[in-house]
Amino acid sequence: MGENTTLLCVPLISHNVEDMLVQMNRAKASGADLVEIRLDHLEAFRPSEDLQRLLSDRPLPALVTYRPKWEGGEYEGDDHTRLDVLRLAMEMGADYIDVELQVPIIGLVMRERGWISRILCPKFGGYLTFGTLEAGKESAPGQLTMKELLNVYNIRQIGRDTKVYGIIGNPVGHSKGPILHNEAFTSVGLNAVYVPFLVDNLREFLHVYSSPDFSGFSCTIPHKEAAVECCDEVDPVAKSIGAVNTIVRRKSDGKLVGYNTDYQGAISAIEDGMRGSYGATDKIGSPLAGKLFVVIGAGGAGKALAFGAKGKGARIVIANRSYDRAKALASLVGGEAISLGDLESFHPDEGMILANSTSIGMHPNIDETPISKQALKSYSVVFDAVYTPKVTRLLTEAEEVGATVVSGLEMFIRQAMGQFELFTGLRAPEKVMREAVMRNI
Ligand code: NAP
Ligand code: DHK
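Here, residues in each chain are numbered from 1, in the same order as that chain's written sequence. Whichever chain is written first becomes A and whichever ligand is written first becomes 1, with later ones labelled in order. Local features are withheld for residues below a pLDDT of 70 in this predicted model, meaning they are given only at 70 or higher, and side-chain atom pairs are given and counted only at 80 or more; totals for whole chains, interfaces and linings count all residues. Heavy atoms throughout the structure, all of them, feed into the side-chain values; hydrogens and water do not.

Colleague: Looking at this model, I keep getting lost on the packing of aromatic side chains. Mind explaining?
Modeller: Geometry of an aromatic ring pair is reported as the spacing of the ring centres plus the angle between the planes. Two rings from Phe, Tyr or Trp (for Trp, the six-membered ring) form a pair when their centres are within 6.5 Å of each other. A pair whose planes differ by under 30 degrees is stacked, one over 60 is edge-to-face, and the rest are tilted. One pass over the full model with this rule turns up 14 aromatic pairs. Plain terms: the ring middles of phenylalanine 205 and phenylalanine 217 are 5.5 Å apart, the flat faces sit at 80° to each other, and that makes the pair edge-to-face. With a gap of 12 residues between them, phenylalanine 205 in helix α7 (residues 202–208) and phenylalanine 217 in strand β9 (residues 214–219) connect regions that are remote in the sequence. Judged on exposure class, the residue phenylalanine 205 and its partner phenylalanine 217 are both buried. One aromatic cluster is present, built from ring pairs that chain together Phe197, Phe205, Tyr209, Phe214 and Phe217. Positioned above the aromatic ring of phenylalanine 124 is the side chain of lysine 123, whose terminal nitrogen or guanidinium carbon lies 5.9 Å from the ring centre. Every helix listed is a DSSP run of H or I at least four residues long, and every strand listed is a run of E at least two residues long, numbered separately from the N terminus. Burial here depends on accessible area, computed with a 1.4 Å probe over protein chains only, as a share of the maximum for the residue type. Under 20% is buried, over 50% is exposed, and the range in between is partly exposed. In this scheme, Lys NZ or Arg CZ marks a charge over a ring once it lies within 6 Å of the ring centre and within 35 degrees of the ring normal.

Structure below.
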């Protein structure tokens with residue numbers, strides 16, 4: 001991948017000169033190209049003395065900014081004084097000064113929606129992007145840290161011909177996708193980057209980002225169902241599930257093709273869990289065949305699990321908070337619908353399989369669980385799609401009553417491996433992807 005010329009700038013927002021000088025050295029050590037000295041954050045600022053101390057022997061080139069309140073800064077004085085100070089900074093050797101209306105234009109968008117402007121800056125010839133020394137040290141909302149820019153997004157390697165992939169959702173900041181896919185791209189030497197797209201309207205997003213450079217997307221809540229309608233073609237299984245979590249821009253004709261890798265991820269994880277080990281090789285027939293497979297939830301993940309288990313010959317029961325959705329999904333897979341309340345007394349078989357596909361128990365509500373420990377005794381295998389925390393209360397209690405448990409993390413890794421192969425046509429680097437997730441979960 002080619003190098004780029006975009007500069008990495010660490011914003012310094014200390015309230016005194018001593019701390020600003022300490023942060024300047026930390027910025028140098030972090031790999032930054034320059035620092036932004038935000039004079040408007042300094043308390044008891046003495047222009048001549050303080051600029052002298054800040055600019056002499058500085059370890060990095062300095063952009064001097066004196067941001068007024070009316071532009072989101074802290075300075076409340078008159079503008080003539082402010083501009084005089086910036087002139088003084090120039091005379092004292094500042095490498096750059098920031099004047100609100102002056103070129104070069106440094107086009108950056110604020111907050112989570114603007115993350116892509118800060119990461120993809122080098123791809124579009126951006127002059128500069130900001131990276132903070134740590135979270136909480138931002139000089140404007142939406143700034144990423146130097147570590148994220150360098151180590152997660154490999155920003156030094158992004159160039160004009162870098163292909164862009166990403167996760168589309170709302171919210172999207174929690175996703176581990178950028179960590180996992182960017183490490184995978186790097187490990188196979190692909191000139192590509194995977195970024196978070198905070199999106200409200202999927203159809204509008206796909207219309208705006210219609211360039212072939214935007215090569216593929218993961219879809220999460222709340223866009224999986226809408227994605228079925230937004231793709232030019234949809235894989236038959238994804239169409240029957242009614243949920244797309246992977247969109248690929250076909251190289252030959254630019255068409256958007258939708259797939260669902262959630263169901264493969266979840267079902268293969270459960271099968272291997274039942275065979276006693278992940279990645280089991282004796283894949284002769286499915287251990288799900290003939291079993292009673294109870295799905296809690298009827299959303300995107302629930303549909304994937306129900307259709308996936310059905311395809312393996314299991315008998316399906318859907319339990320859901322909204323009973324009408326349980327009935328609709330059950331009828332699609334030739335199964336039975338029950339209410340959440342029915343779960344507690346539902347044990348027509350021994351050795352049943354339970355799969356939670358609701359967000360119950362997901363961080364921060366980690367004390368919640370969709371079913372009592374007593375009722376869990378009727379299940380031999382329990383899967384939880386929730387993977388934050390890695391071991392939910394449901395899985396903890398299932399293990400305590402002797403069930404085999406399968407984590408949503410295993411589903412997440414496997415659905416991502418399927419996506420990687422659809423994105424790139426290459427075999428997924430499983431070891432790299434597993435280690436990347438385990439380091440960051
Ligand atoms: P979704 O389409 O919004 O479906 C959410 C489901 O959860 C619906 O059936 C909903 O019931 C039910 N639900 C939500 N809050 C509930 C509550 N407080 N009490 C009872 N039921 C509740 O979401 P999704 O895409 O299927 O994702 C669901 C969960 O699976 C999320 O936690 C997501 O993180 C996880 N997931 C994990 C992976 C993975 O790779 N491990 C992949 C996909 C999803 P109603 O129908 O009544 O609204
Ligand atoms: C979560 C899902 O539900 C998957 O279907 C997506 C996304 C990835 C995530 O990165 O959190 O493929």
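Colleague: For this particular structure, what's the right way to read the site of ligand 2?
Modeller: The cutoff for a nearby residue is simple: one of its non-hydrogen atoms must lie within 4 Å of the molecule or strand. Taken together, Ile167, Ser175, Ser218, Cys219, Thr220, Lys224, Asn245, Asp262, Tyr387, Phe412, Gln415 and Gln419 are the residues near ligand 2. We define a polar contact as two N or O atoms separated by no more than 3.5 Å, with the added condition that, inside protein, one atom must be a possible hydrogen donor and the other a possible acceptor, whereas residues neighbouring each other in sequence contribute only through side-chain atom pairs. Take tyrosine 387: an N or O atom from its side chain is 3.2 Å from an oxygen atom of ligand 2. In this analysis a 1.4 Å probe is tested at points of a 1 Å grid over the protein atoms alone, and where it fits but cannot get out there is a cavity; an open set with protein on both sides within 12 Å along at least five of seven lines is a pocket; lining residues have an atom within 4 Å of a point. Whether a molecule sits in a cavity or pocket is decided by its atoms, more than half of which must lie within 2 Å of the grid points. Of the pockets mapped on this structure, ligand 2 occupies the largest pocket. Top contributing element to the shell around ligand 2 by residue count: helix α14 (residues 408–424), with three residues.

Colleague: Is there a simple way to explain the sheet that holds strand β3 (residues 62–65) in this structure?
Modeller: Sheets are built from strands that pair by backbone hydrogen bonding, the pairs being arranged parallel or antiparallel. Here the rule is simple: two strands pair whenever DSSP picks up at least two bridges between them. An order of β4-β3-β2-β1-β5-β6 is seen for the six strands of this open sheet, with the pairing classed as parallel. Looking at the sheet topology across the chains shown, the edges are occupied by β4 (96–98) and β6 (144–145). The pairing of β3 with β4 spans three bridges and is parallel. Counterpart to threonine 65 in the pairing with β4 is aspartate 98. Strand contacts of helix α3 (residues 79–91): β3 and β4, with the helix running at about 170° to β4, the strand carrying the most contacts. Residues are treated as being in contact if the distance between any of their heavy atoms lies within 4.5 Å. Helix axes are fitted only over the stretch in contact, all axes being lines through C-alpha atoms; the angle between N-to-C directions runs from 0 to 180 degrees.

Colleague: What is the right way to read the pattern of salt bridges from this model?
Modeller: For side chains of opposite charge, pairing can occur when their charged atoms come near one another. For this analysis, a salt bridge means a side-chain nitrogen from Lys or Arg found within 4 Å of a carboxyl oxygen belonging to Asp or Glu. Applying the stated criterion across every chain, the model contains 30 salt bridges. Between arginine 82 and aspartate 79 there is a salt bridge whose closest N-O contact spans 2.9 Å. With a gap of three residues between them, arginine 82 and aspartate 79 both fall in helix α3, about one helical turn apart. The class for aspartate 79 is partly exposed, based on a relative accessible area of 29%. For arginine 250, the salt bridge identified is with glutamate 233, shortest N-O distance 2.6 Å. Taken together, the residues span a long stretch of sequence, with arginine 250 in the loop between β11 (246–249) and β12 (256–259) and glutamate 233 in strand β10 (residues 233–234) at a distance of 17 residues. Residues joined in a network through salt bridges with shared partners are Asp272, Arg275, Glu410, Arg414, Glu430 and Arg434.

Colleague: What is the right way to look at the nonpolar core in this model?
Modeller: Counting 78 residues, the largest nonpolar core has Val35, Ile37, Leu39, Ile119, Val195, Phe197 and Ile247 as the members making the most contacts within it. With seven residues, the top contributor of residues to this core is α14. Setting aside chain neighbours within four positions, we find isoleucine 119 in contact with Leu144, Leu149, Tyr153, Ile155, Ile158, Val193, Val195 and Pro196. Definition of nonpolar core: a set of buried residues of the types Ala, Val, Leu, Ile, Met, Phe, Trp, Tyr and Cys, connected through side-chain atoms within 4.5 Å. In this structure, Leu288, Leu305, Ala306 and Ala314 belong to the second largest nonpolar core, which totals 31 residues.

Colleague: Mind showing me how you'd approach the state of the cysteines here?
Modeller: Disulfide: a covalent bond connecting the sulfur atoms of a pair of cysteines. By convention in this document, the label disulfide applies to cysteine sulfur atom pairs within 2.5 Å. Tallied over the entire structure, the rule returns zero disulfides. The cysteine cysteine 219 is free of any disulfide, with cysteine 231 supplying the nearest cysteine sulfur at 7.2 Å. Taking the relative accessible area as the measure of exposure, cysteine 219 reaches 4% and is therefore buried. Unpaired in terms of disulfides, cysteine 231 finds its nearest cysteine sulfur in cysteine 230, a separation of 7.0 Å.

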